[in-house]
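Structural characterization, general
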2 protein chains.
Amino acid sequence: MSAHGNGHTVHANGNDYIVPKPRAEWIVNRKKEAERTGDWNMSQMHFARKGLVTEEMSFVAHKEKLAPEFIRDEIAAGRMIIPANINHPELEPMAIGVGSLCKINANIGNSAITSNVDEELRKLHTAVHYGADTVMDLSTGGDIPMIREAILRHSPVPIGTVPLYEALSRVKKVEDLSIDLYLEVIEEQAQQGVDYFTIHAGVLIQYVPMVSKRITGIVSRGGAILAQWMTSHHKQNFLYENFDRITKLLAKYDVSYSLGDGLRPGCVADASDEAQFAELKTLGELTQQAWKDDVQVMIEGPGHVPMDKIKEQVDKEVELCHGAPFYVLGPLVTDIAPGYDHITSAIGAAMIGWHGAAMLCYVTPKEHLGLPNEKDVKDGIIAYKIAAHAADIARHRPGARDRDDAISHARYTFDWDKQFALSLDPDTARSMHDETLPDDYYKEAAFCSMCGPKFCSMNWSSKVDKYNEEVHGLKKNDLTQIVTEQMALRG
Amino acid sequence: MSAHGNGHTVHANGNDYIVPKPRAEWIVNRKKEAERTGDWNMSQMHFARKGLVTEEMSFVAHKEKLAPEFIRDEIAAGRMIIPANINHPELEPMAIGVGSLCKINANIGNSAITSNVDEELRKLHTAVHYGADTVMDLSTGGDIPMIREAILRHSPVPIGTVPLYEALSRVKKVEDLSIDLYLEVIEEQAQQGVDYFTIHAGVLIQYVPMVSKRITGIVSRGGAILAQWMTSHHKQNFLYENFDRITKLLAKYDVSYSLGDGLRPGCVADASDEAQFAELKTLGELTQQAWKDDVQVMIEGPGHVPMDKIKEQVDKEVELCHGAPFYVLGPLVTDIAPGYDHITSAIGAAMIGWHGAAMLCYVTPKEHLGLPNEKDVKDGIIAYKIAAHAADIARHRPGARDRDDAISHARYTFDWDKQFALSLDPDTARSMHDETLPDDYYKEAAFCSMCGPKFCSMNWSSKVDKYNEEVHGLKKNDLTQIVTEQMALRG
C-alpha cells in the first residue's frame, strides 16, 4: 500500500474493495510544512494551541454540528482529543470529550487460545457497522503486528492498543521487560498508525501494598504485569520513570495517551478505594506532564462500581486530571451476572456517561468467561449504543432526542417499517415482530401480537385524539419534519 | 381441588405433582375468627393496624431478615404491602415496600393472536424459576378465567391482573362497559384468589385533553380503554366514581390495589408531563380513601423516562401518594432500541430502584414488537434481577453485597464451578466459558480464553499478594465464611 494515495485495494472475504483514505492529502501537506519549519510535533493539541483549525477539527465540527473554533479550543484546553495518528490515513476523524457526543469503544483482538486474522477483521466490521466510535486491538497471541496491520488498514475509526502486551510477547518472562524494548514496540506501532496507546504509567510501587485489602487484587492486565515487574526488581514503574521519552515519541506521530487505570477495582467491593484514587492522582500529574509537550491525553476509568458511587468517579477524575476526557470501562454495578455483563455494565455506563464520561468502553456478555466472538461483539455494541445515547439525552445535548421522537411517532402511527428503520438494530426489531405476524399485511396493521386489535392502547388513543380535536379544538403535534430528517439520516 | 387441604395434585407436562399450600391453615383460622367477631375485613393492613403480626408477616420477616414488628408497622403505615388473597393458599407470602428488598414482577398472559394455557404455565414456571417475585396474568384472549385458574393454582408468588381486560372481553364494544359488569368480574377474580388488581381509577375525563401535546398519547391499555369510554359517554371514569364499592370488595378477600398509571408516558419526550402528574395526584387521594378501609395499595409508575428525570419520579410519588409502595414499569431511558428494551429499561429500573421504587415490572426484548415467548420472559427476568440487585447494593441494604463478594472471591481464586453456581444464570455462564475451554481440566485453570495463561491479570495479581505478605506483612482478606454462607443459600 502507499500511504500517499487516496485509497488502497484490499482483499477480504474473497472480494477486492477500496478502503478510502480521507486524510492522505492533509497529512502530506502537514509533513511538507514540518520540513520547512523543523517543528515535527504533529499532535492536534499542538496545532490547536497555535490557534490553528486542522482539517480533522473541521471534519469533527461538521459531524458533531459544533463550531470548528469550539473544537479547537476544547482540544487546546485538554478537554477533548482527536486520536489521529499521521500514519492512519484511512481514519475518519472523531472527537472524544465532554463537549461532544458520548462515544463507545469496542475491544477486539485474539488471545493465545483462540482467534485468527479473518475473525478479527469480521469483529472489526461488526463493531464499526453497529456504531463503535473507536476500536482497541488487544491481541496477545499469534502474529500480533500482522493482525494489527490488517485492522489498521481496514479501519475508519481510531485504533487503540496496549503496547505492553506485544512487549511481553517478545520476552520469556515478565522480569525481562525493559524501557528499551518498550520504546522499540511503541515506535513500531506508532509507525503502523495506532491512534492511541493505553499506558499504565500511574501504577507505582508504593501503591502495590494498598491492594492487599481487596477481594480481587489487580484486574488490569497491564497493571498486574507491571506490579509483578516492580515487585520482582524492587524498582519503580519504568513507564513512569521514562514518561517524557514516551511523550516525545507520541508527539511525532500524534498518538494520544490513554492513561491506563492499572489499579481499577475488579468487583463492587473494591470500588473507590485508596489504591484506585492514589493512581488517579498520579495520572493527573502525568496528564500535565504530557500537556507540556502538547500530547493529547484521556484517562481510563473503572470497572466495577455500585450505582451510588458512580458520580463520585467522574467528579474525582475531573478534579484530579484537570478535565482530561474520561474513558470508562462499564462500570458493572453488580458482580453476580456473568454471561450478562453487557447489561450489568450498560447500567453503569449510561449513568457515568450522563455524569460526564466522554467515552464508554463496552463489555460483552463473554466478559469474565472467555474471548468474545462476533455475536458477543454485536451484543456489546448495541448495549453501549443504548448507554451512550441515553447519556446524551440526559445531558440535553441539542438534537439528541430527535431519533427517539421520530421512532415514537412512527410507533404511534403504526408505521412499522419506519419504526424498524429508525431502530438501533433494524433486522432484530423486524424479525421479532415477524415472529408472530410475518405477513406484509401487518406492516400497516394498527396493532401487534402483544395486545391484538381489541386491546391496542395506541389504537384507542388515536380515537381519543379525535375527541380532543373535535371537543376541545386541540390538534396533535405534527412531527412530520423531524421524522423526515431522521429517516434521511438513517438512509 | 380443596382450598382447605395442605396441597393439591396437579397435572402438568405429563407428571402429577403436589403444589404446597403453606397458607391453608392460617386462612381457615382467620375465617373462624371472623365468624366469631363478624369482622370480615381480611386485609393485612387491617390486622397490622390492630397491632397483630399475622403468619404472613412472620413469614416475610423471616425471609427478609427483618423484625416482624417492623413489617407490621410498615404495613400499618401503608409503606409496605403483602399481596395475599385469602383464596390463594398456594402463596408463599412476600412483601413490597421500600423497607424490604427491591422486587421484580413478570408479565405473562396471552393475546387474541397467540398463546395457550400450557405455554402460559411454562412462562410462569420460567418466571418463578429465575426469580420473579410476583407475576401478572395479562391475558386478553381465549378462555381468560381458565388460564387464570391454572396460573393461580400453580403459583407460589402473588398473581396480579387488570380486571378491565376480562370485562372488555365480555362486551361487544368499549362503550358497553359498566360498573356492574366490572364488579361482577372483580368478585369472580377475587374468589379465584388474585392477589392484586391494577385499577386505573385515576384517569379522569378532565385529564384527557392534556395528552394532545404528547407524541404517543395514551399507551396504557386500561387508560386508553377508559379514555375512550369517558369521551364516548361524556361521563367521569366509572372506577373513580365507584371507588368505595370496589374497596369494600377488595377488603373481604384482601386483594391489594395496584393503582394503575393510565396516563404514563409512552416515550421519553412525554415523560413527567402535566397529564402524568395530574393522575398521580388523584392516585394519592384514592390511596388515602382505600386506607380508610385498611385496603393495601401500591402505585404504578412509568414507562419511558430519561435518566435525568428518574429521581423526580420517586420523589413526586412519595410526596403525592403518602409513601405507598411505588411499582414501576422500566422505565426505558431511550426509545430507539426495539428488540433490546429489556436493556434500555433495566438501566432506568436499576436507577429508580436505587432511588426508592419498591417493585420493578420487567420489560422483555419483545416489548413494542409482539407477545413475549418463554425465552423473552427469561431474558426479561435476568435483566430485572440485575437491576433490583444493583438497587439493593446502592441502597446499602445489610447483606446485599454478600453474593457479589462471594462470586468475586471465587473469581479471584479461579474456582470456576463456584463462580457459575453463584451467578444469576449458572447454565449460561458455564456454557459461555465452555465454548472455548470445554475440558474439565480448565475448571481449575488459573486463566480463561479471554487472556490465556500468560496474560491473566488475576494470575499475576496472586503473585503480587505473596510480595505484599512477605515484604509488607499484609495478608489478603479471608472470605471463606461469606463464600460458604452464600454457597449454602444457593444450594
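First, a word on what this report is: a plain description of the structure on this page. (Residues numbered from 1 in each chain as written. Chains lettered and ligands numbered in written order. Predicted model: local features only at pLDDT ≥ 70, side-chain atom pairs only at ≥ 80, totals over all residues. Heavy atoms only, no water.)

1. A short note on the nonpolar core
Here is the rule we go by: Side-chain atoms within 4.5 Å are what join buried Ala, Val, Leu, Ile, Met, Phe, Trp, Tyr and Cys residues into a set we call a nonpolar core. Burial classes follow relative accessibility: with a 1.4 Å probe on protein chains only, a residue under 20% of its type's maximum area counts as buried, one over 50% as exposed, and anything between as partly exposed. Contact definition: two residues touch when any of their heavy atoms are within 4.5 Å.
Counting 298 residues, the largest nonpolar core has L177 of chain A together with L177 of chain B as its most contacted members. In this view, L177 of chain B contacts L164, A167, L168, V171, I225, W229 and F238 of chain B; residues no more than four positions away in its chain are not counted.

2. Re the interface of chain A and chain B
Test applied: Note on terms: buried area is the combined drop in 1.4 Å-probe accessible area of two parts once they are placed together, counting the loss on both. Definition used for salt bridges: Asp or Glu carboxyl oxygen within 4 Å of a side-chain nitrogen of Lys or Arg.
Each partner contributes residues to the interface: chain A has 118 residues there, and chain B has 118 residues. Taking both partners together, chain A and chain B bury about 10,000 Å²; carbon and sulfur atoms supply 69% of that area. Applying the counting criterion to the chain A and chain B interface returns two salt bridges. Between E435 of chain A and K366 of chain B there is a salt bridge whose closest N-O contact spans 3.1 Å.

3. Examining the pattern of salt bridges
Let me state the cut-off plainly: Numbering of helices and strands runs from the N terminus, with a helix taken as a DSSP run of H or I at least four residues long and a strand as a DSSP run of E at least two residues long.
On inspection of all chains with the given rule, the structure shows 70 salt bridges over all chains. D273 of chain A is paired through a salt bridge with R214 of chain A; the nearest N and O atoms lie 2.7 Å apart. Placement of the pair is D273 of chain A in the loop between β9 (256-259) and α12 (274-292) and R214 of chain A in the loop between β8 (196-199) and α9 (221-233), with a sequence separation of 59 residues. Its salt-bridge partner being E90 of chain B, residue R153 of chain B comes within 2.7 Å of it at the nearest N-O pair. A residue pair is termed long-range when its members are at least 10 positions apart, and R153 of chain B in helix α6 (residues 144-154) and E90 of chain B in the loop between β3 (80-81) and β4 (96-97) qualify at 63 residues. Via salt bridges that share partners, R148, E166, R170, E184 and E188 of chain A belong to a single interconnected network.

4. Re the environment of H304 of chain A
Heads up, the condition is: Each polar contact in these results corresponds to two N or O atoms within 3.5 Å; when the atoms are within protein, one needs to be able to donate a hydrogen and the other to accept it, and residues that are neighboring in sequence are counted only if both atoms are side-chain atoms.
Inspection of the secondary structure assignment puts H304 of chain A in the loop between β10 (297-301) and α13 (310-320). H304 of chain A sits in the buried class, given a relative accessible area of 5%. Spatially, the C-alpha atoms of H304 of chain A and A269 of chain A are 8.4 Å apart, while their sequence positions differ by 35 residues. Look past the residues within four positions of H304 of chain A in its chain and what remains in contact with it is P265, G266, C267, V268, A271, P331, L332, D335 and H368 of chain A together with R411 of chain B. Here G266 of chain A takes part through its backbone oxygen, which lies 3.2 Å from a polar atom of the side chain of H304 of chain A. At 2.8 Å, the side chain of H304 of chain A and the side chain of D335 of chain A are in polar contact.

5. Some points on the relation of the copies chain A and chain B
Two copies of one chain are present, and they are related through a rotation about an axis combined with an axial shift. Operational definition: C-alpha atoms of residues with pLDDT of at least 70 in both copies form the basis for the least-squares superposition of the copies.
You can overlay chain A on chain B at an RMSD of 0.0 Å; the transform is a turn of 180° with a shift of 0.0 Å along its axis. A rotation of that kind, with that shift, is consistent with a two-fold axis. Considering only C-alpha atoms, the part of chain A nearest the rotation axis is I347 of chain A, at 2.3 Å. Interface overlap between copies is the fraction of interface residues in one copy that are interface residues in the other; for chain A against chain B it reaches 100%, indicating a shared surface.

6. Side note on the sheet that holds strand β9 (residues 256-259) of chain B
Hydrogen bonds between backbone atoms are what pair the strands of a sheet, whose relative direction is either parallel or antiparallel. Residue and element names in this part refer to chain B. Counted only if it meets this: Two strands qualify as a pair provided DSSP detects at least 2 bridges between them. Lines are fitted to the C-alpha atoms to define the axes, a helix being fitted only along its stretch in contact, and any angle between axes, read from their N-to-C directions, falls within 0 to 180 degrees.
One closed barrel accounts for eight strands, arranged β5-β6-β7-β8-β9-β10-β11-β12; its pairing is parallel. For this sheet, the mean angle separating the axes of adjacent strands, direction not counted, is 25°. The pairing of strand β5 (residues 103-108) with strand β6 (residues 134-137) spans four bridges and is parallel. What sits directly across from A106, in β6, is V135.

7. Comments concerning the state of the cysteines
Definition in use: For this text, the term disulfide refers to a pair of cysteine sulfurs within 2.5 Å.
Within this structure, the stated rule accounts for zero disulfides over all chains. Summary of cysteine pairing: C267 of chain A is not part of a disulfide, and the nearest cysteine sulfur, belonging to C456 of chain B, is at 15 Å. Not engaged in a disulfide, the cysteine C102 of chain B finds its nearest cysteine sulfur in C361 of chain B; these two sulfurs lie 12 Å apart. By relative accessible area, C102 of chain B is classed as buried at 7%.

8. Things to note about helix α11 (residues 243-253) of chain B
Counting along an α-helix, one turn takes 3.6 residues, and residues three or four places apart therefore face a common direction. Residue and element names in this part refer to chain B. Those residues of α11 that fall on the buried side of the exposure criterion are F243, I246, T247, L249, L250, A251 and Y253. On its buried face, α11 sits against α8 (179-192), β8 (196-199), α10 (238-241), β9 and α12 (274-292). Immediately beyond the C-terminal end of α11, within one or two residues, lies D254, with a positive phi of roughly 55°.

9. Considering helix α3 (residues 55-64) of chain A
Residues and elements named next belong to chain A. Cut-off, in case you're wondering: The directions considered for the arc are those from the helix axis to the C-beta atoms.
Of all the residues in α3, the buried ones are E56, M57, V60, A61 and E64. Looking down the long axis of α3, one finds its buried residues gathered within 135° of arc, a one-sided arrangement. Its buried side turned inward, α3 meets α1 (24-37), α2 (44-49), α4 (68-77) and β5 (103-108). Of the residues trailing α3, K65 is marked for its positive phi of about 55°.

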